[in-house]
Amino acid sequence: SGQRLLIGTPRIGNVSGLAYVYGPQKDGTWKQEAQLQFPNKGKVNWEGFGTNVSLDGDVALVHWVLYRRKADGTWSHEVNFGYTSMSVSKNAVIGGDHQVGGSGQAVIWRHQGNGKWNQEAKLVPSDFNGTPAYFGDQTKLHGGTALVTAHGDDTKGKNAGAVYLYQRQSNG
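Everything numeric in this text was worked out from a predicted model, so none of it was measured. (Residues numbered from 1 in each chain as written. Predicted model: local features only at pLDDT ≥ 70, side-chain atom pairs only at ≥ 80, totals over all residues. Heavy atoms only, no water.)

Chemist: Would you mind showing me how to read the overall build of the protein here?
Modeler: Helix and strand content of the protein: zero helices and 13 strands. Taken from N to C terminus, the helices and strands of the protein fall in the order β-β-β-β-β-β-β-β-β-β-β-β-β. The burial tally for the protein puts 41% of its 172 residues in the buried class. Taking contacts inside the protein between residues at least 6 apart in sequence as the whole, the part at least 24 apart equals 37%. Total accessible area on the protein stands at roughly 9600 Å², and carbon and sulfur atoms take up 49% of it. (Helix = DSSP H or I, 4+ residues; strand = E, 2+ residues; numbered from the N terminus. Buried < 20%, exposed > 50% of the residue type's maximum accessible area, 1.4 Å probe, protein only. Contact = heavy atoms within 4.5 Å. Areas by Shrake-Rupley, 256 points an atom, 1.4 Å probe, with all protein chains shown as cover.)

Dropping the structure here:
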């Protein structure tokens, strides 16, 4: 994000995945600010945690778990979205490539403040033909533009994949 670095590490053996936040120091080195772990540690040892990370300023998204940096410099768990990932400070697009029978979906969330997020839109591929396309396996949101990939889309050939572009309309 320019100000910080977020590095994810997936599960290795019996150790759950983690994510590490690093910040630059005045002497040009980087120092670890936080170690982010799956919030239900002990209840679930989810192997996907740490494999997909995103950072924008004081907001970190590790797979589908959102953390926010507080004024005192500590990081706290804010919300679980339930799918996979990409985020910006005020909005997030969360993809779920195995949702809806493998066709997938992506959901745009808008941050309302005080840890509250409202679902703004649900994105689905307009050309879904009934076969698993894994829409939502990778997502990116920048301003009012969302990109969502579908690595199993066969429209242009077997497993050719596809990228869908969505633009936020002026009416919301």
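Having put the structure on the table, let's press on.
Chemist: Is there a simple way to explain the environment of Ile94 in this structure?
Modeler: Assignment of secondary structure puts Ile94 in strand E8 (residues 91-96). C-alpha of Ile94 to C-alpha of Thr139: the two residues are 45 residues apart in sequence and 6.9 Å apart in space.

Chemist: In this structure, what is going on with the sheet that holds strand E3 (residues 30-37)? I would like to understand it.
Modeler: Across a sheet, strands are paired by hydrogen bonds formed along the backbone, either parallel or antiparallel in direction. What the three strands build is an open sheet, ordered E1-E2-E3; its pairing is antiparallel. Where the open sheet ends on each side, the last strands, each with one partner, are strand E1 (5-9) and E3. Adjacent strand axes in the sheet meet at a mean angle of 25°, parallel and antiparallel pairs treated alike. Strand direction decides the pairing type here: strand E2 (residues 18-24) and E3, joined by seven bridges, are antiparallel. Its bridge partner lying in E3, Pro24 is registered against Trp30. (Pairing = 2+ DSSP bridges. Axes fitted to C-alpha atoms, helices over the stretch in contact; angles between N-to-C directions.)

Chemist: Just to check I follow, could you spell out the sheet that holds strand E6 (residues 65-69) for this structure?
Modeler: Overall, antiparallel pairing links the four strands, which are arranged E4-E5-E6-E7 in an open sheet. Two strands close off the open sheet at either side, each with one partner strand: strand E4 (53-56) and strand E7 (75-80). In this sheet, adjacent strand axes meet at a mean angle of 20° when their direction is disregarded. Bridge count between E4 and strand E5 (residues 59-62): four bridges; the pairing is antiparallel. Bridging across to E5, Leu55 finds its partner in Ala60.

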